[in-house]
Amino acid sequence: LAERYPVLKDEIPLNPQLRSLSDDYRTVFESQGIQLVVPFILKDQLIGTLHCGEKMSGAVYSDEDIKFLSTLANQSSTAIDNALIYSKIERRLAVQTLLFILSETFRSSKGFDEIMNSVVKILCDFLTFSYCGLVSVEQAGKTSVYMFPEFTSDVRSSFARAGYRVVGMIEA
């Protein structure tokens, strides 16, 4: 696979370049019944392999079979690349949307505590967190905690004992 071409199990002993395959790899071939390995190459990088067992007919893999599976691997590599690109674009769009929503929240005429409560809820909902909390430390040393969903009374008490002002807990 270092040469990035399909490897037939029966060719391993005949090809000097393939003889260097580790014993572990040979054991995998044997134990899994792998007859053919076809590499997935993307931008000159090996990104995966297709492992094929024995053909149901018992026949050996023909050149035509190998060409077909190589084409399938190449098209799959392209599809994987496209999916990765799409995922990155989707993530960037989500981040831009989140930033827009947060900027609109910050620009609102609400009071500071209400804005912070909104921000915590937006982050929790948008990023699908089970919990989100923000701690605000003011210049005077006053510390406020904004959280969603609401903590239990024990946790609120712990924050209060530590000198935190627990603000605007939002009901889930």
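Above this text sits the structure in question.
Throughout, residues of each chain are indexed from 1 in the direction in which the sequence is written. Local features in a predicted model are, by the rule used here, given only for residues with pLDDT of at least 70; side-chain atom pairs are given and counted only at 80 or more, and totals for whole chains, interfaces and linings are based on all residues. The side-chain quantities take in all heavy atoms of the structure and omit both hydrogens and water.

Asks: Can you break down the overall build of the protein residue by residue, with the values?
Replies: Starting at the N terminus, helices and strands are each numbered in turn, a helix being any DSSP run of H or I of at least four residues and a strand any DSSP run of E of at least two. The helix and strand inventory of the protein stands at 4 helices and 6 strands. Counted from the first residue to the last, the protein has its helices and strands arranged as β-α-β-β-α-α-β-β-α-β. A sequence separation of at least 24 residues applies to 35% of the contacts in the protein between residues at least 6 apart. Of the roughly 11500 Å² of accessible surface on the protein, 56% is carried by carbon and sulfur atoms. Any two residues having at least one pair of non-hydrogen atoms within 4.5 Å are treated as being in contact. Note on areas: Shrake-Rupley with a 1.4 Å probe; residue coverage comes only from the protein chains shown.

Asks: Can you explain helix α3 (residues 112–126)? Please cite residues and give values.
Replies: Because each turn of an α-helix spans 3.6 residues, side chains separated by three or four positions in sequence point in the same direction. A helix is expected to reach a length of 1.5 Å times the quantity of its residues less one. For α3, which comprises 15 residues, the first-to-last C-alpha distance of 21 Å matches the rise-based estimate of 21 Å (1.5 Å per residue) to within 8%. Residue burial is assigned from relative accessible area. The probe radius is 1.4 Å, only protein chains are included, and a residue is buried under 20% of its type maximum, exposed over 50%, and partly exposed in between. Every buried residue of α3 is listed here: Ile-115, Met-116, Asn-117, Ser-118, Val-119, Val-120, Ile-122, Leu-123 and Cys-124. Of the residues trailing α3, Thr-128 is marked for its positive phi of about 50 degrees.

Asks: Quick one: what's the story with the packing of aromatic side chains, residue by residue and with numbers?
Replies: For this analysis, a ring pair means two rings from Phe, Tyr or Trp (six-membered ring only for Trp) whose centres lie within 6.5 Å, classed as stacked if their planes differ by under 30 degrees, edge-to-face if by over 60, and tilted for the remaining angles. For the structure on display, the rule yields 1 aromatic pair. Ring centres of Phe-112 and Tyr-146 lie 6.2 Å apart, and the angle between their planes is 80 degrees; on these two criteria the pair is classed as edge-to-face. Here Phe-112 is found in helix α3, whereas its partner Tyr-146 is found in strand β5 (residues 143–148), with 34 residues between them in sequence. Note on Phe-112: relative accessible area 46%, which makes it partly exposed. Look at Tyr-146 and you get buried, because its relative accessible area is 0%.

Asks: A description of the pattern of salt bridges should follow, citing residues and the corresponding values.
Replies: We define a salt bridge as a contact between a side-chain nitrogen of Lys or Arg and a carboxyl oxygen of Asp or Glu at a distance within 4 Å. Under the defined criterion, the tally for this structure stands at 5 salt bridges. Note that Asp-65 is salt-bridged to Lys-55, the shortest N-O span being 2.6 Å. Of the two residues, Asp-65 sits in helix α2 (residues 63–107) while Lys-55 sits in the loop between β3 (45–52) and α2, which places them 10 residues apart along the sequence. The exposure class of Lys-55 is partly exposed, given its relative accessible area of 25%.

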